[in-house]
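Take a look at the letters that make up each chain.
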Amino acid sequence: MKDLHSIFFKYYLILVFILFLWLIHFLNFYFILNLYELGIFPRSLEGMLGIIFSPLIHSSSDHNHIINNSIPFLILSWALFYFYSPVAWRVLFFSWVFTGLLVWFFARDAYHIGLSGVIYSLLFFLFFSGVFRKDTRLLTVALLVVFIYGSMVWGIFPYDWRISFESHLSGSIVGLFLSIIFKKQKASFKKVKTQWEIEEELGIESDNLDGLWEIDDEE
């Protein structure tokens, strides 16, 4: 119950964060604050501020940009904290910072804004973590993520100059590497072993071990 409460507390923090994004967006939209200047401008000293601030800023021309980012971030970050709670904060932090760094180093000269780079990092982390851990439940989560957001993979290619494909590509690379780095960290739930797996480990040949035993997943 304590773990469940902790997970849902983090869920509320995600909602608060999204509300904060919308507050910034409305202020930028109605007061024409030109906050895009706080985005990442590659290979410039002042543009480095965007590594921290760019995910908080969205296009002020309409509401489509922030809408398209809010829903995927809500779902993917919830999945991150629910299934990978022990490493969730680190994954989110590294997704934010290292995605921004890659954009600053390699992207074209323009202001890059929006949360999509972080979203792509979470997407690729959830997918490849499920694949690398070889756990059927986590693999199911990975396949579900692909089913819902699989079309996002096209976003890593340059098909529209108004869209920062560099942010998408950078986030994808960061998410993949994070899934490799943290693949030995245990997930948020306990792994269930079957009777025959326990018997094999203990060297027991018996028909008296009925049902399932639950043990901690140390991976």
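Residues numbered from 1 in each chain as written. Predicted model: local features only at pLDDT ≥ 70, side-chain atom pairs only at ≥ 80, totals over all residues. Heavy atoms only, no water.

## Examining the packing of helix 4 (residues 85–106) against helix 7 (residues 165–181)
Part 1 of the reasoning: The interhelical angle for the contact between helix 4 and helix 7, taken along N-to-C directions, is 135 degrees, at an axis separation of 8 Å. Considering the angle they form, helix 4 stands oblique to helix 7. In this structure, helix 4 meets helix 7 at a crossing whose hand is right-handed. Along the contact surface, helix 4 presents Val91, Phe94, Ser95, Phe98, Thr99, Leu102 and Val103, while helix 7 presents Glu166, Ser167, Ser170, Gly171, Ile173, Val174 and Leu178.
Part 2 of the reasoning: A per-class count over the contact of helix 4 with helix 7 returns 8 nonpolar, 5 polar and 1 charged. (Axes fitted to C-alpha atoms, helices over the stretch in contact; angles between N-to-C directions. Helix = DSSP H or I, 4+ residues; strand = E, 2+ residues; numbered from the N terminus. Parallel < 35°, antiparallel > 145°, perpendicular 65-115°, else oblique. Left-handed = near helix turned anticlockwise from the far one by under 90°. Contact = heavy atoms within 4.5 Å. Nonpolar A, V, L, I, M, F, W, Y, C, P; charged D, E, K, R; others polar.)

## Here's the deal with the side chain of serine 172
Part 1 of the reasoning: When you line up the elements, serine 172 lands in helix 7.
Part 2 of the reasoning: Assessed through its relative accessible area of 5%, serine 172 is described here as buried.
Part 3 of the reasoning: Beyond its immediate chain neighbours, meaning those up to four positions away, serine 172 contacts Tyr120, Ser121, Phe124 and Ile156. (Buried < 20%, exposed > 50% of the residue type's maximum accessible area, 1.4 Å probe, protein only.)

## Describing the nonpolar core
Part 1 of the reasoning: Phe73 and Phe125 are the most contacted members of the largest nonpolar core, which has 42 residues in total.
Part 2 of the reasoning: Elements with a contribution of two residues or more to this core: helix 1 (2–31), helix 3 (64–83), helix 4, helix 5 (116–133), helix 6 (136–149) and helix 7.
Part 3 of the reasoning: Looking at which element gives the most residues to this core, the answer is helix 5, with 8 residues. (Core = buried A, V, L, I, M, F, W, Y, C linked by side-chain atoms within 4.5 Å.)

## Focus: a nonpolar patch on the surface
Part 1 of the reasoning: Together, Val131, Phe132, Leu139, Leu143, Leu169, Ile173, Phe177, Ile180 and Ile181 give the surface a local cluster of nonpolar side chains, amounting to about 760 Å² of exposed area.
Part 2 of the reasoning: Elements with a contribution of two residues or more to the nonpolar patch: helix 5, helix 6 and helix 7.
Part 3 of the reasoning: A total of 5 residues in the nonpolar patch trace back to one element, the largest contributor, which is helix 7.
Part 4 of the reasoning: Mapped onto the elements of the fold, leucine 139 is located in helix 6.
Part 5 of the reasoning: The exposure class of leucine 139 is partly exposed, given its relative accessible area of 34%. (Patch = residues over 30% accessible without salt bridge, like charges linked within 9 Å, V, L, I, M, F, W, Y side chains within 5 Å. Areas by Shrake-Rupley, 256 points an atom, 1.4 Å probe, with all protein chains shown as cover. Salt bridge = Lys/Arg side-chain N within 4 Å of Asp/Glu carboxyl O.)

## So, the pattern of salt bridges
Part 1 of the reasoning: Applying the stated criterion across every chain, the model contains 4 salt bridges.
Part 2 of the reasoning: Taking the shortest distance from any N to any O, the salt bridge between aspartate 160 and arginine 162 comes out at 3.0 Å.

## Regarding the confidence of the model for the protein
Part 1 of the reasoning: For the protein, per-residue confidence averages 86 on the pLDDT scale, and residues scoring 70 or more make up 82% of the total.
Part 2 of the reasoning: Here residues 208–219 scores under 50 on pLDDT; set against residues more than four positions off or in separate chains, the count is 31 contacts. (pLDDT = per-residue confidence, 0-100.)

## Some points on the packing of aromatic side chains
Part 1 of the reasoning: Scanning the model with the defined rule gives 20 aromatic pairs in all.
Part 2 of the reasoning: Relative to tyrosine 111, the ring of tyrosine 36 has its centre 5.3 Å away and its plane inclined at 80 degrees; by these criteria the two rings are edge-to-face. Note that tyrosine 36 is positioned in the loop between helix 1 and helix 2 (50–53) and tyrosine 111 in the loop between helix 4 and helix 5, a separation of 75 residues in sequence.
Part 3 of the reasoning: Tyrosine 36 sits in the partly exposed class, given a relative accessible area of 37%.
Part 4 of the reasoning: Its relative accessible area of 39% is what places tyrosine 111 among the partly exposed residues.
Part 5 of the reasoning: An angle of 80 degrees between the planes, with centres 5.0 Å apart, marks the rings of phenylalanine 127 and phenylalanine 128 as edge-to-face. (Phe/Tyr/Trp six-rings, centres within 6.5 Å; stacked < 30°, edge-to-face > 60°.)

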